[in-house]
Amino acid sequence: MQRALLAGILIGSLCAVIGVYVVLKGISFMGAGISHAAFGGVAIGFLLKIDPVLSSIIFCVASGLGIAYISKKSRIKEDTTIGIFFASTMALGILIFGLLKGVNVDLFGYLFGNILSVTLNDLYLALLVEGVVFFFVLYYYKELLLLVLDQEMAEVSGIPVSIIYYLLVSFISLTIVISIKVVGIVLVSALLIIPSAAALQITDNFKKALITAIVFGVASSGGGLILSYFLDTPSGATIVLVATTIFLVTSIFSSKKKR
Amino acid sequence: MDRNPTNFLYDIEFISVSFSYPDLEVLEDVSLQVKKGEFLAVIGPNGAGKTTLLKLILGLLKPTSGKVLVFGKNINVHPSIRKRIGYVPQMSKIDYSFPINVEDFVLTGRYATIGPGHLPHKYDRLAVNETLEKTGLQSLRSKQIGKLSGGQRQRIMIARALINNPDMLILDEPTTAVDPKNSESLYELLLTLHQQKITILTVSHDIGVIAQYVDAIACVNRKVFVHDRPEKGITDETLTEMYGREAAFFHHGIVPHIVVRKSSPVHYCAGETTEDDENHHKS
């Protein structure tokens, strides 16, 4: 339980920070697309007999960058590109698992999360990603802000927009992969979006939005895990529902404030 | 303090520039010169290449053929030029629900010069104060940008563009979604900047109003035609001169239209001609 809680806190804060950029940049659907690509990544891991976490990292980062690159270079709209990746990577995963009939895989765990499957190595990996992402967000704080606020202005003023955007997409992918064991492929994009969206409802300062999102993210994952432990409910779903409750409360609060 | 070396003639120079997308030619053999301190309006119908023209100046696009020189240099080879250009994008490109106040918004104009990994300096904050004062925005400094009126939203965009004390200001349709009174005060502000010898290039839809302020008007429609400022603003006579024989100026709705008879071999400018307009004009 301790390990699970620690993983939950790490993932909750990480998703919240990345989520603020995802929500403000309007690329929530990309989160959903990348998380479903993880299913293909996991399947490839089993097929090649390598660690499914490693194979999903490679597969998800490649899918994320692929989505970003194709939408930039071709005429296909971003949501169309994501729609194609979303379904085809999932189909690839299903196909591979179909071929690997003999293998005993906890598919349900990958799809909906299984906090008991979190290993010590997963925890170390989460810590590493957390460190890298926080460094990235702090070092490029101004550049990332301008990128989500006004991308054209960022380009005009000479900020290396493409590189920073591709880095952001890579970190979105990494965040998603390491969160999958806790909340599952189907629900991970919710953890990315809901705490950040809740924070953005009640703050009008970017720094405060980041900090509030972290508080909400940790409250959702920590609170959700504790609740699921005592109520004996699935961890991923409980976490997401706690986050949704926070979102509903902030919505009521923000609509009162506006009046 | 003269930051301009004098070894170039024009602040902006297009030397037979063409730009095309794989299946669409947007600009064809454009030559354009903008002198230092000149105030130029760029007009033309939607899709005529106005935005492409701006993007070429800003270095966001590279010409298919020809050369674009800004302060005598290629902006993609000399990125330091960017600091000397203030850019005001279309208001619609900004999400005004973004959690940022006026002061911090204006400061974003300095982000590129502060550089990654650094916090804004005291003198960056001073520059913000100075710019807010210049644009009359001090009282709004801690307001979230979504709580501003249309005119104020436009002003913060200009303030952000001015924060680096640029030698050139480039504006993309600055008066869209701004009421007439506020657009007038916006043009007055531009006029003040013009008197300070800042080179100004603005894409505009209010050709009727802008003519009173600018030195010259560039009509863009795949090709570019530059016209000196007409003495009495834009009249039917000047338009006839500009567009060919059968043109007339016509106010209709918010955007002034130019009605051109189909038979005349002219280029269209500022607003598309529709069947409806033409009939309207005849009656």
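For every chain, the first residue of the written sequence is number 1, and numbering continues from 1 onward in sequence order. Working convention: letters from A go to chains and numbers from 1 go to ligands, in the order in which they are written. Only residues with pLDDT of 70 or above have their local features reported here, since the model is predicted, and side-chain atom pairs are shown and tallied only from 80 upward, although totals for entire chains, interfaces and linings are computed over all residues. Computation of side-chain values covers all heavy atoms of the structure but excludes hydrogens and water.

A. The overall build of chain B, seen in detail. In terms of regular secondary structure, chain B is built from nine helices and eleven strands. The buried share among the 283 residues of chain B stands at 52%. In chain B, the proportion of contacts linking residues at least 24 apart, taken out of those at least 6 apart, comes to 63%. Accessible area of chain B: about 13,300 Å², with a carbon and sulfur share of 49%. Starting at the N terminus, helices and strands are each numbered in turn, a helix being any DSSP run of H or I of at least four residues and a strand any DSSP run of E of at least two. Only protein chains enter the accessibility calculation, which uses a 1.4 Å probe; a residue whose area is less than 20% of its type maximum is buried, one above 50% is exposed, and one in between is partly exposed. It only takes one pair of heavy atoms within 4.5 Å for two residues to be counted as in contact. The accessible surface values rely on the Shrake-Rupley method and a 1.4 Å probe; as for residues, cover is taken only from the protein chains in view.

B. Just the interface of chain B and chain A, in detail. On the side of chain A, 24 residues touch chain B, which itself brings 25 residues to the contact. As used here, buried area is the combined drop in accessible area, with a 1.4 Å probe, of two parts when they are placed together. For the pairing of chain B and chain A, the buried interface totals around 2,300 Å² over both sides, and the portion due to carbon and sulfur atoms is 64%. Interface area lost by chain B to chain A is led by Phe98, Pro99 and Tyr111 of chain B, which between them contribute 29%. Salt bridge, as used here: a side-chain nitrogen of Lys or Arg that lies within 4 Å of a carboxyl oxygen of Asp or Glu. Counting the contacts that link chain B with chain A gives four salt bridges. A salt bridge links Asp150 of chain A to Arg160 of chain B; the nearest nitrogen and oxygen atoms lie 2.7 Å apart. In protein, a polar contact means a hydrogen-donor-capable atom and an acceptor-capable atom, both N or O and within 3.5 Å, with residues adjacent in sequence counting only if both atoms are side-chain atoms; elsewhere, any N or O pair within 3.5 Å suffices. On inspection of chain B and its partner chain A, the count reaches ten residue pairs in polar contact (both at pLDDT 80 or more). Residue assignment for the side of chain B that touches chain A shows that the elements contributing at least two residues are α1 (50–58) and α3 (111–114) of chain B. Per-element accounting of the side of chain B that touches chain A gives the leading share, three residues, to α3 of chain B.

C. Inspection of the confidence of the model for chain A at higher detail. Confidence of the predictor in every single residue is expressed as pLDDT, which spans 0 to 100. Mean pLDDT over chain A: 91, with 98% of residues reaching 70 or higher. For chain A, per-element mean pLDDT is lowest for helix α5 (residues 107–112) of chain A, which scores 85, and highest for helix α7 (residues 141–149) of chain A, which scores 96.

D. Molecular detail of the packing of helix α1 (residues 2–25) of chain A against helix α11 (residues 206–231) of chain A. Residue and element names in this part refer to chain A. Lines fitted to C-alpha atoms define the axes here, with helix axes fitted over just the stretch in contact, and angles between the N-to-C directions of these axes take values from 0 to 180 degrees. Where α1 meets α11, the closest approach of the two axes is 7 Å, and the angle between their N-to-C directions is 145°. Between α1 and α11 the crossing geometry is right-handed. Facing Ala4, Leu5, Gly8, Ile9, Gly12, Ser13, Ala16, Val17, Val20, Tyr21 and Leu24 of α1, the residues of α11 in contact are Phe206, Ala209, Leu210, Ala213, Ile214, Gly217, Val218, Ser221, Gly222, Leu225 and Ile226. Put simply, Ala, Val, Leu, Ile, Met, Phe, Trp, Tyr, Cys and Pro go in the nonpolar bin, Asp, Glu, Lys and Arg in the charged bin, and everything else, Gly too, in the polar bin. Residues that form the contact of α1 with α11 fall into these classes: 16 nonpolar, six polar and no charged. The hand of a helix crossing depends on one turn: near helix anticlockwise from the far one by less than a right angle means left-handed, and clockwise means right-handed.

E. Inspection of the side chain of Glu143 of chain A at higher detail. Positionally, Glu143 of chain A belongs in helix α7. Only four residue types enter the tally: Lys and Arg on the positive side, Asp and Glu on the negative side, with His and both chain ends excluded. For the buried Glu143 of chain A, no salt bridge is present, and the opposite-charge side chain at shortest range is Lys142 of chain A, 4.3 Å distant. Apart from residues no more than four positions distant in its own chain, Glu143 of chain A is found in contact with Ile159 and Ile164 of chain A together with Tyr111, Gly115 and Pro116 of chain B.

F. Region of interest: the pattern of salt bridges. A full pass over the atoms with the stated rule returns twelve salt bridges over all chains. When the shortest N-O distance is used, the salt bridge between Asp23 of chain B and Arg75 of chain A registers 3.2 Å. In this pair, Asp23 of chain B is assigned in the loop between β1 (12–21) and β2 (24–34) and Arg75 of chain A in the loop between α3 (52–73) and α4 (78–99), connecting two distinct chains. Accessibility expressed as a relative area gives 57% for Asp23 of chain B, which makes it exposed. Close ionic contact of Lys223 of chain B with Glu28 of chain B constitutes a salt bridge, the shortest N to O distance being 3.7 Å. With a gap of 195 residues between them, Lys223 of chain B in strand β9 (residues 223–228) and Glu28 of chain B in strand β2 connect regions that are remote in the sequence. Of the residues examined, Lys223 of chain B reaches a relative accessible area of 35% and is grouped as partly exposed. Residue class for Glu28 of chain B comes out partly exposed when judged on its relative accessible area of 21%. A single network of salt bridges, built from pairs that share partners, joins Glu25, Glu28, Arg222 and Lys223 of chain B.

G. Highlighting the packing of helix α2 (residues 28–48) of chain A against α4 of chain A. Residues and elements named next belong to chain A. The N-to-C vectors of α2 and α4 enclose an angle of 25°; their axes lie 8 Å apart at closest approach. Taken together, the axes of α2 and α4 lie roughly parallel to each other. In this structure, α2 meets α4 at a crossing whose hand is left-handed. Of the residues contributing to the contact of α2 with α4, the split by class is 17 nonpolar, six polar and two charged. Small angles under 35 degrees read as roughly parallel and large ones over 145 as roughly antiparallel, with 65 to 115 read as roughly perpendicular and the rest as oblique.

H. Main features of the nonpolar core. Residue types Ala, Val, Leu, Ile, Met, Phe, Trp, Tyr and Cys, when buried and joined through side-chain atoms within 4.5 Å, form a set referred to as a nonpolar core. Ranked by size, the top nonpolar core spans 165 residues in total, and within it Phe14 and Leu169 of chain B carry the most contacts. Looking at this core element by element, the count peaks at 14 residues for helix α9 (residues 161–183) of chain A. When sequence neighbours within four positions are dropped, the list of residues in contact with Leu169 of chain B reads Gly86, Val88, Ala161, Leu162, Leu190, Leu193, Ile198, Thr199, Ile200 and Leu201 of chain B. Judged by nonpolar contacts, the second largest core, of five residues, contains Leu187, Ala190, Val240 and Ala243 of chain A.

I. Summary view of helix α6 (residues 120–139) of chain A. All names here are of chain A. Across its 20 residues, α6 extends 29 Å between first and last C-alpha, which sits within 8% of the 28 Å expected from 1.5 Å per residue. Turning to α6, its buried residues are Asp122, Leu123, Ala126, Val129, Glu130, Val133, Phe136 and Val137. In an axial view of α6, the angular spread of the buried residues amounts to 150°, which keeps them on one side of the axis. Facing away from the buried side of α6 by over 90 degrees, the exposed positions are Asn121, Tyr124, Leu127, Leu128, Phe135 and Leu138. Summarising the contacts, the buried residues of α6 are in contact with α1, α3, α7 and α9. A helix's residues, less one, multiplied by 1.5 Å, set its expected span. Arc definition: it is the arc formed by the directions from the helix axis to the C-beta atoms.

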